[in-house]
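Okay, here's what each chain looks like letter by letter:
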Amino acid sequence: PNGTHPAAGHSSTGLILQDYGLLPWLTAIDNVALGLKIRGIGKGQAVQSARQWMTKLGIDSVASHYPAELSGGQRQRVAIARTLALKPDLLLMDEPFASLDALTREELQNLIISLWASLSSTIILVTHNIEEAVFLGRRIMVLSKPPNKEPVIIENQGSGSLDYRKTPDFVTKCHEVRGVIEKMSRSGAAGVRA
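Report on the accompanying structure. Keep in mind it's a predicted model, so treat the numbers as computed, not measured. (Residues numbered from 1 in each chain as written. Predicted model: local features only at pLDDT ≥ 70, side-chain atom pairs only at ≥ 80, totals over all residues. Heavy atoms only, no water.)

1. With respect to the overall build of the protein chain
In step 1: Secondary structure assignment for the protein chain yields 6 helices and 5 strands.
In step 2: For the protein chain, the α and β elements follow one another from N to C terminus as β-α-α-α-β-α-β-α-β-β-α.
In step 3: When the 194 residues of the protein chain are sorted by exposure, 42% land in the buried category.
In step 4: Within the protein chain, residue pairs in contact and separated by at least 24 positions form 66% of the contacts whose partners lie at least 6 positions apart.
In step 5: Summed over all atoms, the accessible surface of the protein chain reaches about 10,400 Å², with 54% contributed by carbon and sulfur. (Helix = DSSP H or I, 4+ residues; strand = E, 2+ residues; numbered from the N terminus. Buried < 20%, exposed > 50% of the residue type's maximum accessible area, 1.4 Å probe, protein only. Contact = heavy atoms within 4.5 Å. Areas by Shrake-Rupley, 256 points an atom, 1.4 Å probe, with all protein chains shown as cover.)

Right under this line is the structure:
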């Protein structure tokens, strides 16, 4: 609890989805400020906070654009800014980069690592991408087809560094996670997620 939440003492949760969840009739800055306005923050303060987050995420130049005028990476940055402006204690990310090209995906993964260091949030990310799970996850939970009675948890102390992808430890950890998934698949646990 950061004291700014209307129900101080209660934790807040932010959600970032694969399809961005932006309102098409609002500009980028109005989309970012929306959650703050819903929480009762005055328009001026909400827009100021939205602009600060857009600057941190490198999208301040598209503040007056509508979602249809933005690239996929810019739309996802707007969605991330909207969520982070609310200062959530828990950040849930459901396949947030799945629809992006490889370079934009890596750029946004790097952004999350950079921001994570300055946030006091716990982040839970759902992904089917092994490399993404290894790059971003301190703890990787491999789930089988529901009901997930025996998830496998893999500790990953190397994550959190922008250079982690370039290390032999990253490759080793990717192989370890892949091995767990393959073992679960061979045992009949279809629908494995990493």
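And the narrative resumes.
2. With respect to the packing of helix α1 (residues 28–38) against helix α3 (residues 72–84)
In step 1: Contact geometry of α1 with α3 gives a least axis separation of 7 Å together with a crossing angle of 30°. For the element pair α1 / α3, the angle class is roughly parallel. For the crossing formed where α1 meets α3, the hand is right-handed. Here Ala28, Asn31 and Val32 of α1 come into contact with α3, specifically with Val78, Ala81 and Arg82.
In step 2: Here the contact of α1 with α3 is built from residues that sort into 4 nonpolar, 1 polar and 1 charged. (Axes fitted to C-alpha atoms, helices over the stretch in contact; angles between N-to-C directions. Parallel < 35°, antiparallel > 145°, perpendicular 65-115°, else oblique. Left-handed = near helix turned anticlockwise from the far one by under 90°. Nonpolar A, V, L, I, M, F, W, Y, C, P; charged D, E, K, R; others polar.)

3. Concerning the packing of aromatic side chains
In step 1: Within this structure, the stated rule accounts for 1 aromatic pair.
In step 2: An angle of 80° between the planes, with centres 5.3 Å apart, marks the rings of Tyr164 and Phe170 as edge-to-face. You'll find Tyr164 and Phe170 in the same group, each marked buried.
In step 3: Over the aromatic face of Phe135 sits the side chain of Arg165, whose NZ or CZ is 3.7 Å from the ring centroid. (Phe/Tyr/Trp six-rings, centres within 6.5 Å; stacked < 30°, edge-to-face > 60°. Lys NZ or Arg CZ within 6 Å of the ring centre and 35° of its normal.)

4. A word on the nonpolar core
In step 1: Counting 49 residues, the largest nonpolar core has Phe97, Val134, Val142 and Val177 as its most contacted members.
In step 2: The biggest single contributor to this core is helix α6 (residues 168–186), with 6 residues.
In step 3: Ignoring anything within four residues of it in the chain, the contact list for Phe97 reads Gln76, Ile80, Arg105, Leu108, Gln109, Ile112, Glu132 and Leu136. (Core = buried A, V, L, I, M, F, W, Y, C linked by side-chain atoms within 4.5 Å.)

5. A look at the pairing of strand β3 (residues 122–126)
In step 1: As defined by bridge partners, strand β2 (residues 90–94) adjoins β3 across 5 bridges and the pair is classed as parallel. Pairing of Asp94 across the sheet is with Val126, part of β3.
In step 2: You can see the chain leave β2, run along helix α4 (residues 102–116) and come back into β3, and the turn it takes is right-handed. (Pairing = 2+ DSSP bridges. Right-handed = clockwise from strand over helix to strand, strands pointing away.)

6. A few points about the pattern of salt bridges
In step 1: What the rule picks out here adds up to 7 salt bridges.
In step 2: The closest approach of N and O atoms between Glu107 and Arg77, which form a salt bridge, is 2.4 Å. Taken together, the positions of Glu107 in helix α4 and Arg77 in helix α3 put the pair 30 residues apart, joining distant regions of the chain.
In step 3: Taking relative accessible area as the criterion, Glu107 reaches 43% and is therefore assigned partly exposed. (Salt bridge = Lys/Arg side-chain N within 4 Å of Asp/Glu carboxyl O.)

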